[in-house]
Amino acid sequence: MTQATAMFVMFILYGVLPTAGIYLGYRGVKKLTQPKMLEYKAMPQLGSIPEKSMPQEVAQKLALINEKGEKLKRLYGDTNNDGVIDDKDAVNETYVMIKNVMDIHIPEAVADYRRLHDLDSNVNKTVVISAEKSGDALSRADTTKIKNSNMTGRQALLEVLNTVDTQFDGLLDAAYHQDGQKLLATNRYLQQRFEK
């Protein structure tokens, strides 16, 4: 083995491999310790939200709304049934309303709640610490009533999300019945044509 080969092997063994091991270990630890993020495909303006900062019931309701909103966007936005919502589609007022709710109103409501939640991060630490010890991380937004109302910030956000969820259910039902009526009409037409 020549001296140059020995130096190259030493460089690999004592330089590159330990550096690569440290780097990969750092990346692995970073990936394992980073918080799980909630992402909603139909609501990209909502961004990625750390799972710990969103109550479980709110995260579940957002996931439901995300799923229903995605279906509704396809139903009301893809009018030419090519699988893409683009300039060739003749979108209607219902699609614009669904898009506004998904792109503007829900992200604003969640942002307002998160601001309420973050307001007491320094002020109300004793309540949060005692709640964390009991296993339930409650914040001021979850316990304090909003002035001139009988709701907390969490209840107000859930009320908004429940309203959207109920309206989306109504729109999905309407689309189902409308398409069902089209099928029935097609069937009646075809039966009349074949009877002649």
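Residues numbered from 1 in each chain as written. Predicted model: local features only at pLDDT ≥ 70, side-chain atom pairs only at ≥ 80, totals over all residues. Heavy atoms only, no water.

1. A few points about the packing of helix H2 (residues 56-77) against helix H6 (residues 153-195)
- As a packed pair, H2 and H6 sit with axes 10 Å apart at the nearest point and diverge in direction by 30°. With respect to their mutual orientation, H2 and H6 come out roughly parallel. Taken as a pair, H2 and H6 cross one another with a handedness that is left-handed. (Axes fitted to C-alpha atoms, helices over the stretch in contact; angles between N-to-C directions. Helix = DSSP H or I, 4+ residues; strand = E, 2+ residues; numbered from the N terminus. Parallel < 35°, antiparallel > 145°, perpendicular 65-115°, else oblique. Left-handed = near helix turned anticlockwise from the far one by under 90°.)

2. Section: unusual backbone geometry
- The phi dihedral of Asn 148 is positive, around 65°, even though this residue is not glycine.
- Within the element layout of this structure, Asn 148 appears in the loop between helix H5 (140-143) and H6.

3. Focus on helix H1 (residues 3-33)
- Here H1 is 31 residues long and its end C-alpha atoms lie 44 Å apart, about the 45 Å a rise of 1.5 Å per residue gives.
- When the local axis directions of H1 are compared, the greatest deviation, roughly 35°, occurs at Ile 12. (Expected span 1.5 Å × (residues − 1). Bend = angle between axes of the 7 residues up to and from the residue.)

4. Let's talk about the pattern of salt bridges
- Summed over all chains, the structure comprises 10 salt bridges.
- Two residues, Asp 179 and Lys 182, come together in a salt bridge whose shortest N-O distance is 3.9 Å. Here the residue Asp 179 and the residue Lys 182 both occupy positions in helix H6, the gap between them amounting to 3 residues, near one helical turn.
- The network of salt bridges with shared partners includes Lys 61, Lys 68, Asp 165 and Asp 169. (Salt bridge = Lys/Arg side-chain N within 4 Å of Asp/Glu carboxyl O.)

5. Let's talk about the confidence of the model for the chain
- For the chain, mean pLDDT is 80; residues scoring 70 or higher make up 85% of the total.
- At the low end of the mean pLDDT range in the chain sits helix H4 (residues 125-133), at 43; at the high end sits H6, at 89. (pLDDT = per-residue confidence, 0-100.)

6. Considerations on the nonpolar core
- Formed by 29 residues in total, the largest nonpolar core has its most connected members in Met 54, Leu 62, Met 102, Ile 106, Val 110 and Phe 168.
- At the level of elements, H2, helix H3 (93-119) and H6 are the ones that each hand at least two residues to this core.
- Ranked by residues supplied to this core, first place goes to H3 with 8 residues.
- Not counting the four nearest positions on each side in its chain, Phe 168 is found in contact with Ile 65, Lys 68, Gly 69, Leu 72, Ile 98, Val 101 and Met 102. (Core = buried A, V, L, I, M, F, W, Y, C linked by side-chain atoms within 4.5 Å. Buried < 20%, exposed > 50% of the residue type's maximum accessible area, 1.4 Å probe, protein only. Contact = heavy atoms within 4.5 Å.)

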